[in-house]
Amino acid sequence: MPSLGGATGWFNSEPLGPAELRGRVVLVNFWTLTCINWLRQEPYVREWSQAYRSDGLVVIGVHTPEFSFEQEIDRVRQAVTARGIDYPVAVDSDYEIWSAFDNHYWPALYFVDADGVIRDQHFGEGRYEQSERVLQRMLGVERELVGAEGLGVEAEADWGHLRTPETYLGHQRGEHFASPDGAAFDERRAYQLPESLRLNQWALAGEWTVGSEKVVLDQAGGSIAYRFHARDAHLVLSPGARAPIPFRVLLDGAAPGPSHGVDVDESGSGLLREGRLYQLVRQHDAVHERTLEITFLEPGAEAYVLTFG
């Protein structure tokens, strides 16, 4: 197991190293606070930490930020509190631990035995039963699996109806942009929605600056529209220095009603207070192709990536 010495801070623990972990089975979980895949995995990691702690398991979360605003220590603290994480979390803002493990994914699990040897690893969601069996074998216990059930944004995706991929909005990784005349990079520009969007296309309306990792609204009343096929639609947002920023969500041009997400009411109203993932839509009936439009009533909103479930 590589060193955790590159951490820039810790939550729920003093710094942990070989001396503190000697003879313990360790599960290392790489995460970043806006990652929907980690959010859906986290209920299982919490359950394992609590269920096997007395058997000698130490779970260590390693928060390595994907976006620049996730480096803010208060954001990480809020995420630890909001998710009910009580196991140690190393803050890896400089990617030192990430590099030491040669890790490339969020979330990532590394299973370390009592001799400090990595015996297994898993990247992404899923494989929960097998992962728990690995922990049991390493701990020398055998009993019924604990399982887990996620609620809200932590709920498992509706994989059978998921036909829309994660979509980044900044020009570094952005694709499927459909506003007329394309995007201008790193400069303020007025955009319009096209007459229609095809599945998995998105567009801007109003005055925006398209940066490398995000789009930033320069004038109140700007919108993002997306044509998707999924039960859930999420958007990673930050208010920058302008919080709070009210917004309105429409689904096929109307208020979402019972298909609103946890961060929106039935009328489509929501409030951007802090940087995190916001659930805008959870279709309550049959899942089918829909058009999402989110309009910000004040300038300053920063949008990073749309994810679906």
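This one's a predicted model, so the numbers in the text were calculated from it and none came from an experiment.

What counts as what
Residues numbered from 1 in each chain as written. Predicted model: local features only at pLDDT ≥ 70, side-chain atom pairs only at ≥ 80, totals over all residues. Heavy atoms only, no water. Pairing = 2+ DSSP bridges. Helix = DSSP H or I, 4+ residues; strand = E, 2+ residues; numbered from the N terminus. Axes fitted to C-alpha atoms, helices over the stretch in contact; angles between N-to-C directions. Contact = heavy atoms within 4.5 Å. Core = buried A, V, L, I, M, F, W, Y, C linked by side-chain atoms within 4.5 Å. Buried < 20%, exposed > 50% of the residue type's maximum accessible area, 1.4 Å probe, protein only. Parallel < 35°, antiparallel > 145°, perpendicular 65-115°, else oblique. Left-handed = near helix turned anticlockwise from the far one by under 90°. Nonpolar A, V, L, I, M, F, W, Y, C, P; charged D, E, K, R; others polar.

Peer 1: I keep staring at the sheet that holds strand β6 (residues 118-123) and nothing clicks. Help me out?
Peer 2: Sheet strands associate in pairs through backbone hydrogen bonding, adopting either a parallel or an antiparallel arrangement. Spatial ordering of the open sheet is given by β1-β4-β3-β2-β5-β6, a layout of six strands whose pairing is mixed. Every other strand in the sheet has two partners, leaving β1 (9-11) and β6 as the edge strands with one partner each. Neighbour-to-neighbour, the strand axes of this sheet turn through a mean angle of 20°, independent of strand direction. Sheet strands touched by helix α2 (residues 36-52): β2 (25-31), β3 (57-63) and β5 (108-112). Its angle to β2, the strand with the most contacts, is close to 160°. Strand contacts of helix α5 (residues 128-139): β2, β3, β5 and β6, with the helix running at about 20° to β5, the strand carrying the most contacts.

Peer 1: Please clarify how unusual backbone geometry should be interpreted in this entry.
Peer 2: Most of the time, phi is negative for any residue but glycine, and the peptide bond is trans. In the segment running from Trp-106 into Pro-107, the intervening peptide bond is cis, with an omega of -15°. Tracing the backbone through its elements, the reader meets Pro-107 in the loop between α4 (96-100) and β5. In this model, Ala-243 is joined to Pro-244 through a cis peptide bond whose omega is -5°. When you line up the elements, Pro-244 lands in the loop between β12 (232-238) and β13 (245-251). The phi angle at Asn-12 is positive, at roughly 65°, despite the residue not being glycine. Inspection of the secondary structure puts Asn-12 in the loop between β1 and α1 (18-21). Residues other than glycine seldom take positive phi values, yet Asp-186 does so here, at roughly 60°. Note on placement: Asp-186 falls in the loop between β7 (167-168) and β8 (188-191).

Peer 1: Please clarify how the nonpolar core should be interpreted in this entry.
Peer 2: Soluble globular proteins tend to pack their nonpolar side chains together in the buried interior. If you look at the biggest cluster of nonpolar residues, it comprises 57 residues, and the most contacted ones within it are Leu-27, Phe-30, Trp-31, Trp-48, Leu-57, Ile-60 and Ile-97. Counting residues per element, this core draws most heavily on α2, which supplies seven residues. Discounting residues that sit within four places of it in the chain, Trp-48 has contacts with Leu-27, Arg-53, Leu-57, Leu-109, Tyr-128, Ser-131, Glu-132, Leu-135 and Val-146. Core analysis: the next-biggest nonpolar cluster, separate from the first, contains 32 residues, Tyr-191, Leu-235, Val-249 and Leu-306 among them.

Peer 1: Would you mind showing me how to read the packing of α2 against α5 here?
Peer 2: For any two helices packed against each other, one specifies the crossing angle of their axes together with the interaxial distance. Following both chains from N to C, one finds α2 and α5 inclined at 25°, their axes separated by 12 Å at the closest point. One finds that α2 runs roughly parallel with respect to α5. Judged by the sense of rotation from one axis to the other, the crossing of α2 with α5 is right-handed. On the side of α2, the interface is formed by Arg-40, Gln-41, Tyr-44, Trp-48 and Tyr-52, while α5 contributes Tyr-128, Ser-131, Glu-132, Leu-135, Gln-136 and Leu-139. Tallied by class, the residues present in the contact of α2 with α5 amount to six nonpolar, three polar and two charged.

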